[in-house]
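Summary of the model geometry
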Amino acid sequence: MWIDITQTLTSDIAHWPDDTPFSFEVAVTKENSGSVNIGKITTSTHIGTHIDAPFHFDDAGATTELLDINRYIGDATVIELNEEIITRDILEHHEIRGTILLIKTRQEIDTSVFLNKVPVLSEDAVEYLALLGIELFGIDVASVDHIDSKTLDIHHKLYRNNIMIIENVVLTETDPGYYDFIALPLKIEGGDGSPVRAVVRRKENDNE
Ligand SMILES: N[C@@H](CC(=O)c1ccccc1NC=O)C(=O)O
Ligand SMILES: [Zn+2]
Ligand SMILES: [Zn+2]
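Residues numbered from 1 in each chain as written. Chains lettered and ligands numbered in written order. Predicted model: local features only at pLDDT ≥ 70, side-chain atom pairs only at ≥ 80, totals over all residues. Heavy atoms only, no water.

Where an unreviewed UniProt entry is consulted, the protein appears under the name Cyclase family protein, with the organism given as Corticicoccus populi.

Right, here's the structure in full:
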């Protein structure tokens, strides 16, 4: 069974301060058109469960339509941590398999609240993930850097180590373990990121 680990896009879903909120409306109604309802969305690309294209933090980085979809489908490990700074030493205490690591740091998520305090990886933790062969890093908060960071050091460090980023995954219903994972970005030309529909399926055999 596939498990949805995506935030629902609602009119009150949290957005970055001063950023574009998410909105959906039925812009044309069946009554008016005589045939169909037609929706219209307005949103930041960094809304809810989403991926960051490298162009988000590097003008020379790849934009959304150029991303390799193979990075966003694969074998994932979910681990649960409570530390504010996630170091290599902490990660070494967990058996991480596959190319995707998802870190669960929250037992409850209110998607209408923008959390200002988030756990972050240390630089040596990023190097360790690269050493393990991780290609996609995900976490259940709005950013892989401190919320007030202007330099986005961990975004850049992950990028330099060839690790892509997914933020705001919902892991409240997901126990630590090994999963198949899919979360595909929209093919937005010139895009700096994209909301995704992220799903996981527990591996039947944990030795797989
Ligand atoms: N790096 C964040 C987004 C981010 O930093 C941001 C998004 C919208 C408006 C402002 C932002 N950062 C401001 O300092 C992210 O990856 O979603
Ligand atoms: Zn983002
Ligand atoms: Zn980000």
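From this point, things continue past the structure.
1. Some points on the coordination of the zinc ion (ligand 3)
Only Asp-52 (OD), His-155 (NE2), Glu-167 (OE) and Glu-167 (OE) from the protein reach the zinc ion (ligand 3) as donors, at distances of 1.9 to 2.6 Å. Within one chain, the residues serving as donors to the zinc ion (ligand 3) are arranged as D-x102-H-x11-E. A distance of 3.4 Å spans the gap from the zinc ion (ligand 3) to the zinc ion (ligand 2), which Asp-52 bridges by coordinating each metal. Separated by 103 residues along the polypeptide, Asp-52 in strand 4 (residues 50–52) and His-155 in helix 4 (residues 153–160) bring together distant segments of the chain. Here Asp-52 falls in the buried class, since its relative accessible area comes to 2%. Its relative accessible area of 2% is what places His-155 among the buried residues. (Donors = N, O, S within 2.8 Å, 3.2 Å for Na, K, Ca; no water. Helix = DSSP H or I, 4+ residues; strand = E, 2+ residues; numbered from the N terminus. Buried < 20%, exposed > 50% of the residue type's maximum accessible area, 1.4 Å probe, protein only.)

2. Structural notes on the coordination of the zinc ion (ligand 2)
Looking at the zinc ion (ligand 2), the protein donor atoms are His-46 (ND1), His-50 (NE2), Asp-52 (OD) and Glu-167 (OE), and they sit 2.0 to 2.5 Å from it. Given six donor atoms and angles of 57 to 177° at the metal, the environment of the zinc ion (ligand 2) is assigned as irregular. Sequence spacing among the residues donating to the zinc ion (ligand 2) works out to H-x3-H-x1-D-x114-E. You can call His-46 buried: its relative accessible area is 8%. (Tetrahedral: all angles 85-135°; square planar, octahedral: opposite > 155°, others 65-115°.)

3. What to know about empty space enclosed by the protein
Enumeration over the complete set of coordinates arrives at one cavity of 30 Å³ or more. Together, 17 residues line the largest cavity, and Ala-14, Val-113, Phe-114, Ala-142 and Asn-168 are the ones closest to its centre. Taken together, the residues of the lining of the largest cavity break down into nine nonpolar, six polar and two charged. (1 Å grid on protein atoms, 1.4 Å probe; cavity = no way out; pocket = protein on both sides within 12 Å on 5 of 7 lines; lining within 4 Å. Points joined across faces, edges and corners; volume = space filled by probe spheres on them. Nonpolar A, V, L, I, M, F, W, Y, C, P; charged D, E, K, R; others polar.)

4. Observations regarding the packing of aromatic side chains
Per the counting criterion, the structure on display carries two aromatic pairs. Relative to Tyr-159, the ring of Phe-57 lies with its centre 5.6 Å away and its plane at 75°, an arrangement referred to as edge-to-face. Residue Phe-57 is found in the loop between strand 4 and strand 5 (73–80), and its partner Tyr-159 is found in helix 4; the two are separated by 102 residues along the sequence. Of the residues examined, Phe-57 reaches a relative accessible area of 14% and is grouped as buried. Overall, Tyr-159 belongs to the partly exposed group, its relative accessible area being 30%. (Phe/Tyr/Trp six-rings, centres within 6.5 Å; stacked < 30°, edge-to-face > 60°.)

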